[in-house]
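# Observations on the three-dimensional arrangement
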Amino acid sequence: MTALTYHPTSPRRRAHPGRGDVVYPAYWIAATALIGAALLGVPLGQPAAVAGATLVFIGGGLPHGAYDIALLRRSVALGRSGMGLAVGGYAAIALLMVVLWMTVPLVALVLFLAVASVHFGEDWQMLEEPLLRFAAGAAVIAAATIGHPAEVSALFVAMSDPRAAVIAQIITAAAPVALLVTAIGIAAAWRDGSRHWAAAMALCFALLLVLPPVAGFALFFVFLHSPRHLAQTRVVLRDMTLGRWLGTGALLSSLAILGWCTVRAIAPWRFEPIIVAQAFQLLASVAVPHLMLSRWLEGRLSAAPSSEEKTLTA
Ligand SMILES: CC1=C(/C=C/C(C)=C/C=C/C(C)=C/C=O)C(C)(C)CCC1
Ligand SMILES: [Fe+2]
């Protein structure tokens, strides 16, 4: 994910009409296919379908973080040791998150949900109000939870411990507010010209409410969140050949999965081997350095806008 900010000409207005209005046709195709499957009675909440959705969100979503280090390298002139430090720091933060899952999984879960809300809120660049962006980010979790409290609670418990059910209850209680605030965000995005994004997210929230949670999440993550970031990243890394681009995505995603399996094999692991729960734990572990790096890059870019960034924000 890249952290690409718009630099206002007026200090009052952060957003830019139509800013961030990026939705690919694949999203509408996937959403239509999911609606069709649900109408035809395909059991999207059954274990086989959940395993399929897990493969989709890992295979289609994990690679969007694979370019974080390449982006960092593009933004700061790093020597060999600087690069080593950056890669080491990134891996160390991810590993720290794995340790949190192993030692205090409830803390890891809360951290994950908070980080995800901030991170998904970054997709709403058209909204100038940070609280609105955070609510819109949190609404992804809130919609899935209020729509399917028992399933989400069971997933949280599988990732953490039985006390995680309380977290699902708290989210369920707060969900109406998050969704109402997000409705305002959608209206504002629509009014300001980001109509594709506003319509796509409105449909996605509706689907997160009604579809089984992992299917709804896979739709959001793979077809809305990741492609925006991949497209922005591709602009910055446009001189990477297609082979190298695809190779980097595949290699680093495989390394993350391999790293996860290695840690699981060598460390004492008290979780049930539930694949979907582990996939979310892995996602959480890489999401934390992913978010930290994006925030840092955003700070840098805001402080010193480059010509490259101007291209991106145009
Ligand atoms: C665990 C879980 C959920 C939350 C997933 C989150 C929060 C994912 C965050 C991913 C990130 C931050 C990726 C970074 O790019 C849902 C959707 C409520 C469905 C039920 C189980
Ligand atoms: Fe991301």
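The model shown is predicted, which means the values in this text are computed figures rather than measured ones.

As a further point, take the overall build of the protein chain. Looking only at helices and strands, the protein chain features 13 helices and zero strands. Its helices and strands taken in sequence order, the protein chain reads α-α-α-α-α-α-α-α-α-α-α-α-α from the N to the C terminus. Among the 314 residues that make up the protein chain, the fraction classed as buried is 50%. At a minimum sequence separation of 6, the contacts of the protein chain that also span at least 24 residues come to 79%. Surface summary for the protein chain: the accessible area is close to 14,400 Å², and the carbon and sulfur share equals 72%.

In this section: the coordination of the iron ion (ligand 2). Ligation of the iron ion (ligand 2) by protein atoms is provided by His64 (NE2), His119 (NE2), His225 (NE2) and His290 (NE2), these donors lying 2.0 to 2.5 Å from the ion. All donors of the iron ion (ligand 2) come from a single chain, and their spacing in sequence reads H-x54-H-x105-H-x64-H. With a gap of 161 residues between them, His64 in the loop between helix 2 (47-61) and helix 3 (68-75) and His225 in helix 10 (residues 213-236) connect regions that are remote in the sequence. A relative accessible area of 4% means that His64 is categorised as buried.

If you check the shell around ligand 1, you find 19 residues, and the closest are His64, Phe112, Ala116, His119 and His225. One nitrogen or oxygen atom from the side chain of His119 is found 3.2 Å from an oxygen atom belonging to ligand 1. Protein chains bury 99% of the 540 Å² of accessible surface belonging to ligand 1 in isolation. Contributing elements (two or more residues each) for the shell around ligand 1: helix 5 (105-121), helix 6 (130-147), helix 7 (149-159), helix 10 and helix 12 (275-303). For the shell around ligand 1, the residue count by class is 15 nonpolar, four polar and no charged.

Here the focus is the UniProt feature "binding site: Fe cation" (unreviewed entry) in the protein chain. Under the present numbering, the feature "binding site: Fe cation" (unreviewed entry) in UniProt falls on His64, His119, His225 and His229. In three dimensions, the annotated residues from a span of 166 residues occupy one location, with a maximal C-alpha spread of 12.9 Å. In terms of polar contacts, His64 uses its side chain to reach the backbone carbonyl oxygen of Gly61, at 2.6 Å. Judged by relative accessible area, His225 falls into the buried class, the value being 0%. Ignoring sequence-local partners within four residues, the contact set of His225 consists of His64, His119, Phe120, Asp123 and Phe220. One polar contact links His225 to His119, side chain to side chain, over a distance of 3.0 Å.

So, about a nonpolar patch on the surface. Together, Leu251, Leu252, Leu255 and Leu258 line one region of the surface with nonpolar side chains, adding up to about 370 Å² of accessible area. In this structure, Leu251 sits in helix 11 (residues 242-266). On the basis of relative accessible area, Leu251 is assigned to the exposed category, the value being 53%.

How each quantity is defined
- Residues numbered from 1 in each chain as written.
- Chains lettered and ligands numbered in written order.
- Predicted model: local features only at pLDDT ≥ 70, side-chain atom pairs only at ≥ 80, totals over all residues.
- Heavy atoms only, no water.
- Helix = DSSP H or I, 4+ residues; strand = E, 2+ residues; numbered from the N terminus.
- Buried < 20%, exposed > 50% of the residue type's maximum accessible area, 1.4 Å probe, protein only.
- Contact = heavy atoms within 4.5 Å.
- Areas by Shrake-Rupley, 256 points an atom, 1.4 Å probe, with all protein chains shown as cover.
- Donors = N, O, S within 2.8 Å, 3.2 Å for Na, K, Ca; no water.
- Near = heavy atom within 4 Å.
- Polar contact = N/O pair within 3.5 Å; in protein donor to acceptor, adjacent residues only side chain to side chain.
- Nonpolar A, V, L, I, M, F, W, Y, C, P; charged D, E, K, R; others polar.
- UniProt positions renumbered as here; feature names shortened; annotations may be inferred.
- Patch = residues over 30% accessible without salt bridge, like charges linked within 9 Å, V, L, I, M, F, W, Y side chains within 5 Å.
- Salt bridge = Lys/Arg side-chain N within 4 Å of Asp/Glu carboxyl O.

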